[in-house]
Amino acid sequence: MVEPDAAPGTPDGPPPPGTPPYAPHPASALFDGVGDDVELNIPVDALEDADSTDDAERKFSSRFRSMSKAALLREASSPAHLASHFPHNPFCVVCIRAHMRQRRFARRTQADDSGLPPVTEPLKQLSSDTIIVAGSRTDKARVSASGCTTIHTIRDSFSGFCMAVPQHTHDKDSNYLNFKYFGGLAIKDPMVIVRSDAAQDRTLAVSDLGWHPAPSLENRRPHNHQHERWHGTYKSVLRACMLQSGFPENSWDFAVPYASMALNITSRAPLLPWETSGRGELNGQGRIKDAQTVWECHHNGEAFDGEVQPFGRLVYFLERTKHPVAPTTSPGLFLGWRLESGMRYI
């Protein structure tokens, strides 16, 4: 694959001549009085109401990072940031427009103990849910051009590795295939726990695989709050991909697997409560994970060696079937990566 010479333009079209791509959003004027070398505490996710999550979730899922203004400006145009727009960058126009959230006023409560054993390696405890995009295939405003209405999401609780699949219908058979594809041959024993709600299209699929469903009870905590919080981050990345690419809304199903994979490549592995001491210090496993991306944590430390390009970017690929005297490359749009069963990239 050959990259085009020109960098992508802004989401509203190419920048004027002499203007750097992805110029800072006007909201960044709030930092005009801040020196370029002054360290700023920036939330990893778009900032929302501090009382909207319980103590444990906020402590172990929300992260802040300390970066200077100059470093944030450099990151805003870096290839890794343009791929996922995560973590949130206040100097990136796509982040500002795609990550904005409505303030929530939910009462802060303490989550109950799930009673499940601490997970210490990948593919031992998963979580799953369904994002409803369109209520039915007759909802022409939201259904994709290919007829997809929902997104099935699967996430590994230890590594944070996630897979998102667009679906025409969310039934047991399609969920069964998705779970099997996610696990692949790496799961050699049936001692796999899958957390979800009580929807039978997921619990029965898990049981048919010989795994153990752990559904939450209706109207009672604990809910699958870590997966739901990940949904918030994932949807922000998905919106950013659609905004940056300029794709029409009814092509959202193309961006669904890209957004989850971009998060796997660019985001850090999650730190779990048992990987820190009571004083917030990381233990041995926590220190290892703190230096890894989600992909590296899920694949035993191996780095991702594929191309990292923004969704929908113009690329030129080698086409062997063209006329002998014609150029050997053809234009195309980058839509993501092909993963084999077991989330392997070959």
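Predicted model only: the values in this text are computed from it and were never measured.

**Q** Which parts of the structure should I look at to understand the environment of Gln226?
**A** By the secondary structure assignment, Gln226 is in helix α7 (residues 225-245). What makes Gln226 partly exposed here is its relative accessible area of 30%. Gln226 sits 99 residues away from Ser127 along the chain, and the two C-alpha atoms are 8.8 Å apart.

**Q** Would you mind going over a nonpolar patch on the surface with me for this structure?
**A** Taken together, Phe254, Leu314, Tyr316, Leu333 and Leu335 make up a surface patch of nonpolar side chains, about 430 Å² in accessible area. With respect to the helices, strands and loops of the structure, Leu314 is situated in strand β8 (residues 314-318). Leu314 gets classed as partly exposed once you look at its relative accessible area, which sits at 37%.

**Q** Teacher, can you tell me more about helix α6 (residues 200-208) here?
**A** In an α-helix, one turn spans 3.6 residues, which is why side chains three or four residues apart end up on the same side. Within α6, the full set of buried residues consists of Asp201, Arg202, Thr203, Ala205 and Val206. Buried residues along α6 sit against β3 (125-132), β4 (150-156), α5 (172-183), β6 (193-196) and β7 (212-215). Positive backbone phi, approximately 85 degrees, marks Gly210, located one or two places after α6.

**Q** Can you walk me through helix α8 (residues 252-266) in this structure?
**A** For α8, spanning 15 residues, the distance from its first C-alpha to its last is 21 Å, which sits close to the expected 21 Å at 1.5 Å a residue. Judged by how many residues are buried, α8 sits mostly within the fold: 13 of 15 residues are covered.

**Q** Could you clarify how one ought to interpret the pattern of salt bridges in this entry?
**A** In a structure, side chains of opposite charge can pair up when their charged atoms sit close to one another. If you walk through the whole model with that rule in mind, you get 7 salt bridges. For Glu275, the salt bridge goes to Lys289, with nearest N and O atoms at 3.1 Å. Here Lys289 lies in helix α9 (residues 284-290) and Glu275 lies in the loop between α8 and α9, a separation of 14 residues in the sequence. Across this residue pair, the class does not change: Glu275 and Lys289 are buried. Of the charged contacts, one joins Glu340 and Arg338 as a salt bridge, the two residues approaching to 3.5 Å between their closest N and O atoms. On the basis of relative accessibility, which here comes to 25%, the residue Glu340 falls in the partly exposed class. A relative accessible area of 66% places Arg338 in the exposed class. What emerges from the salt-bridge pattern is a single network uniting Asp129, Asp197, Asp201 and Arg202.

**Q** Would you take a moment to explain the packing of aromatic side chains for this structure?
**A** Two numbers describe a pair of aromatic rings. These are the distance of the centres and the angle of the planes. Counted according to the given criterion, the structure contains 12 aromatic pairs. An angle of 75 degrees between the planes, with centres 6.3 Å apart, marks the rings of Phe179 and Trp211 as edge-to-face. Placement of the pair is Phe179 in helix α5 and Trp211 in the loop between α6 and β7, with a sequence separation of 32 residues. By relative accessible area, which is 0% here, Phe179 ends up buried. Aromatic pair Phe247 and Phe311: ring centres 4.9 Å apart, planes at 55 degrees, arrangement tilted.

Conventions we followed
Residues numbered from 1 in each chain as written. Predicted model: local features only at pLDDT ≥ 70, side-chain atom pairs only at ≥ 80, totals over all residues. Heavy atoms only, no water. Helix = DSSP H or I, 4+ residues; strand = E, 2+ residues; numbered from the N terminus. Buried < 20%, exposed > 50% of the residue type's maximum accessible area, 1.4 Å probe, protein only. Patch = residues over 30% accessible without salt bridge, like charges linked within 9 Å, V, L, I, M, F, W, Y side chains within 5 Å. Areas by Shrake-Rupley, 256 points an atom, 1.4 Å probe, with all protein chains shown as cover. Salt bridge = Lys/Arg side-chain N within 4 Å of Asp/Glu carboxyl O. Contact = heavy atoms within 4.5 Å. Expected span 1.5 Å × (residues − 1). Phe/Tyr/Trp six-rings, centres within 6.5 Å; stacked < 30°, edge-to-face > 60°.

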